[in-house]
Amino acid sequence: MGADPEGVTADGPSGIRLRSSTVQTLARGIHELATNASKYGALMQPLGRLDIRWSFEPVGADGKPWLRIDWREMGLTMPPIDAPPRGTGQGRELIEKALPYQLGGVTSYAFEPDGVHCTISVPVSTKKADREDV
């Protein structure tokens, strides 16, 4: 998305299997985060950094495995709290309402002093991938 690779960190285990019904909805949420970061956030501000980390929790709250994604933008000059919204808010609504509803997941979305912090946790398949390159 035109970002300086030095300003982006992506780290997490491979081999996490997603249900086919999860992939499209989760991808839309991540796409919304990336689009907003490229328009307003870490991918467009010179001092911005984007840290994306994910983890596999073999036993989540319901006893099933979960994928947890932690999206954190840092080093940003944020608009004043009382500034009018710059976008439609549809991306945030997708993350905060549609993902939990459609995927049975848990999300959080917060404007912190130096950037956006979003977490997305969704249940995943009970089977691990057979290959490490997945």
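You'll find the structure just up there.
A. Spatial organisation of the nonpolar core. Membership of the largest hydrophobic core comes to 22 residues, with the highest contact counts inside it found for Leu33, Leu67, Trp71, Cys118 and Ile120. Not counting chain neighbours up to four residues away, the residues in contact with Leu33 comprise Trp71, Glu73, Ile95, Tyr109, Cys118 and Ile120.

B. View of the side chain of Thr107. The topology assignment puts Thr107 in strand β4 (residues 106-112). Reaching out from Thr107, the side chain makes a polar contact with the backbone oxygen of Ile95 at a distance of 3.0 Å. Not counting residues within four places of it along the chain, the set of residues in contact with Thr107 comprises Ile95, Glu96, Leu99, Pro100, Thr119 and Ile120.

C. Region of the structure containing the environment of Met44. Following the sequence through the fold, Met44 ends up in the loop between α1 (20-39) and β2 (49-57). A relative accessible area of 42% places Met44 in the partly exposed class. Once the C-alpha coordinates of Met44 and Leu76 are considered, the two residues, 32 residues apart in sequence, prove to be 9.4 Å apart. When near neighbours in sequence (up to four residues on either side) are disregarded, Met44 contacts Ala37, Ser38 and Lys39.

D. Focus on the sheet that holds strand β1 (residues 8-11). Ordered by their spatial adjacency, five strands build an open sheet running β1-β2-β3-β5-β4, and the pairing between neighbours is mixed. In this open sheet, the two strands that pair with only one neighbour each are β1 and β4. Taking each pair of neighbouring strands and ignoring which way they run, the sheet shows an average axis angle of 5°. Here β4 runs beside strand β5 (residues 115-123); their pairing, made up of seven bridges, is antiparallel. Bridged to Tyr109 within β5 is Cys118. Contacts between α1 and the sheet are confined to β3 (66-74), β4 and β5, with β3 contributing the most and set at about 10° to the helix. Sitting on the sheet, helix α2 (residues 90-103) touches β4 and β5, and the angle it makes with β4 is about 165°.

E. Region of the structure containing the packing of aromatic side chains. Counted by the stated rule, this structure contains one aromatic pair. An angle of 75° between the planes, with centres 5.6 Å apart, marks the rings of Tyr109 and Phe111 as edge-to-face. A relative accessible area of 53% places Phe111 in the exposed class.

Cut-offs applied
- Residues numbered from 1 in each chain as written.
- Predicted model: local features only at pLDDT ≥ 70, side-chain atom pairs only at ≥ 80, totals over all residues.
- Heavy atoms only, no water.
- Core = buried A, V, L, I, M, F, W, Y, C linked by side-chain atoms within 4.5 Å.
- Buried < 20%, exposed > 50% of the residue type's maximum accessible area, 1.4 Å probe, protein only.
- Contact = heavy atoms within 4.5 Å.
- Helix = DSSP H or I, 4+ residues; strand = E, 2+ residues; numbered from the N terminus.
- Polar contact = N/O pair within 3.5 Å; in protein donor to acceptor, adjacent residues only side chain to side chain.
- Pairing = 2+ DSSP bridges.
- Axes fitted to C-alpha atoms, helices over the stretch in contact; angles between N-to-C directions.
- Phe/Tyr/Trp six-rings, centres within 6.5 Å; stacked < 30°, edge-to-face > 60°.

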